[in-house]
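Structural overview
Spelled out, the chains give:
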Amino acid sequence: MKIDDVEERGFGRRDACKACTTKIPVMADLACGNWGVPPEESHRKTFVEVLTEKGEQLLRNAVEGGFVEVEPAPEEALKARDRTAAFMQRLASRWKERLDPLRNATRKERFDFYIGVLRRCIHCGACKEVCPVCACVDEDAKCMALYDETDDHIISLFNCIRILHLMDSCIQCGQCEDVCPVDIPLTLIHRRFSERMQRKLGYTPGMNVSEKPPLHETALIWGEEA
Ligand code: SF4
Ligand code: SF4
Ligand code: SF4
């Protein structure tokens, strides 16, 4: 079946993956896929992009061990790879619009939506545990430290802090939403806040491990004062 047909029926990839515009990995040692491989050869060939020395060594070892054979990608395959990536990016942009029920909403409607879904939170902490950009242990986590259920008014500081704190660094992976036991659309919420902030900061998280998120220093100063 074509993935489009599967996803039209509500199956397939998680929503975060559908809307992700980084279709060919750039932060990997090797990126492997069928982009650039003619359909008649896809049962025996994989398009492999070598992105690091470690990836190169891995591939070299596999060749020397007799596990794979390699050949340089012909010019036509490189063009097909770019066409496929561009097509998948357009598809992702369309998904992003389709998956956003708030794109034409008024301020009041947006506010009501956020309150309506976030008030379901039972503060299990699962979203924080799985988030790949949350590095705090519990005693250091401001979202945990400032949360007090006796002070809650409809939605908690836990959620407010998480939304604000992850605006520069959320990679929109969707793992928080996967584990949320009360089905809060966390990817959508984080995306709506973080996309605009990251555009303003000119920063795309997850693309360079040696580059810290721009608000990192602010978080440190704030943390020391708190
Ligand atoms: S979508 Fe953002 S907030 Fe949720 S787990 Fe991924 S990085 Fe963390
Ligand atoms: S304080 Fe910020 S970075 Fe730390 S766990 Fe909470 S949301 Fe994540
Ligand atoms: S996983 Fe869902 S219910 Fe649990 S703390 Fe996060 S938002 Fe709340």
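Just so we're clear, the structure is a prediction, and the values are computed from it rather than from any experiment.

**Let's talk about the site of ligand 3**
Surveying the vicinity of ligand 3 reveals 13 residues, the closest of which are Cys121, Cys124, Gly125, Cys127 and Cys180. Its residues placed into classes, the shell around ligand 3 shows eleven nonpolar, two polar and no charged.

**Looking at the site of ligand 2**
Every residue lining ligand 2 is accounted for by Lys128, Cys134, Cys136, Ala141, Lys142, Cys143, Arg162 and His165. When contributions to the shell around ligand 2 are tallied by element, the ones reaching two or more residues are helix H7 (142-145) and helix H8 (157-165). The class makeup of the residues in the shell around ligand 2 is four nonpolar, one polar and three charged.

**Remarks on the pairing of strand S1 (residues 30-33)**
The two faces of a sheet get side chains in turn, since along a regular strand they alternate between them. Alternating positions in S1 separate cleanly, Ala31 and Gly33 being buried on one face and Leu30 and Cys32 remaining unburied on the opposite face. When S1 meets strand S2 (residues 47-50), the two strands line up antiparallel, connected through four bridges. Of the residues in S2, the one forming a bridge with Gly33 is Phe47.

**Let's talk about the pattern of salt bridges**
Inspection of every chain in the model, using the stated rule, returns 16 salt bridges. Across the pair Lys108 and Asp112 runs a salt bridge, and its minimum N-O distance is 2.6 Å. Here Asp112 and Lys108 lie together in helix H5 (residues 107-118), a separation of four residues that amounts to about one turn. With a relative accessible area of 55%, Lys108 lands in the exposed category. Residue classification places Asp112 among the partly exposed residues on the basis of a relative accessible area of 38%. One salt-bridge network, in which partners are shared between bridges, spans Glu41, Arg44, Lys45 and Glu71.

**Overview of the domain arrangement of the protein**
The domains assigned to the protein are domain 1 (3-98) and domain 2 (107-225). Distance from the C-alpha centre of domain 1 to the C-alpha centre of domain 2: 30 Å. Each partner contributes to the interface: domain 1 provides eight residues, whereas domain 2 provides twelve residues. Of the roughly 740 Å² buried where domain 1 meets domain 2, counting both sides, 52% is carbon and sulfur surface. Summed over the shared surface of domain 1 and domain 2, the result is two salt bridges. Top element by residues in the side of domain 1 that touches domain 2 is helix H2 (residues 15-19). It accounts for three residues. A breakdown of the residues in the side of domain 1 that touches domain 2 according to their chemical character gives four nonpolar, one polar and three charged.

**Examining the side chain of Ser156**
Following the sequence through the fold, Ser156 ends up in the loop between H7 and H8. Accessibility expressed as a relative area gives 1% for Ser156, which makes it buried.

**Examining a nonpolar patch on the surface**
A surface patch of nonpolar side chains, amounting to about 380 Å² of accessible area, comprises Val26, Met27, Met207 and Val209. Tracing the chain through its elements places Val209 in the loop between helix H10 (186-201) and helix H11 (216-225).

**Some points on the packing of aromatic side chains**
In total, this model carries two aromatic pairs according to the counting rule given. Measuring from centroid to centroid gives 6.1 Å for Phe113 and Tyr114, while their planes differ by 75°, and the two rings are edge-to-face. Summarising the aromatic geometry, the rings of Tyr114 and Phe193 are spaced 5.5 Å apart at their centres and angled 50° between planes, so their arrangement reads as tilted. Highlighted residues: Tyr114 in helix H5 and Phe193 in helix H10, separated in sequence by 79 residues.

**Topic: the packing of H5 against H10**
Closest axis-to-axis distance for the H5/H10 pair is 11 Å, and the angle between their directions is 140°. By the angle between their directions, the pair H5 and H10 is classed as oblique. Crossing handedness for the pair H5 and H10: left-handed. Between H5, through Arg110, Phe113, Tyr114, Val117 and Leu118, and H10, the contact on the second element is made entirely by Leu188, Ile189, Arg192 and Phe193.

What counts and how
Residues numbered from 1 in each chain as written. Chains lettered and ligands numbered in written order. Predicted model: local features only at pLDDT ≥ 70, side-chain atom pairs only at ≥ 80, totals over all residues. Heavy atoms only, no water. Near = heavy atom within 4 Å. Nonpolar A, V, L, I, M, F, W, Y, C, P; charged D, E, K, R; others polar. Helix = DSSP H or I, 4+ residues; strand = E, 2+ residues; numbered from the N terminus. Buried < 20%, exposed > 50% of the residue type's maximum accessible area, 1.4 Å probe, protein only. Pairing = 2+ DSSP bridges. Salt bridge = Lys/Arg side-chain N within 4 Å of Asp/Glu carboxyl O. Domains from an automatic or database assignment. Contact = heavy atoms within 4.5 Å. Buried area = accessible area lost by both parts, 1.4 Å probe. Patch = residues over 30% accessible without salt bridge, like charges linked within 9 Å, V, L, I, M, F, W, Y side chains within 5 Å. Areas by Shrake-Rupley, 256 points an atom, 1.4 Å probe, with all protein chains shown as cover. Phe/Tyr/Trp six-rings, centres within 6.5 Å; stacked < 30°, edge-to-face > 60°. Axes fitted to C-alpha atoms, helices over the stretch in contact; angles between N-to-C directions. Parallel < 35°, antiparallel > 145°, perpendicular 65-115°, else oblique. Left-handed = near helix turned anticlockwise from the far one by under 90°.

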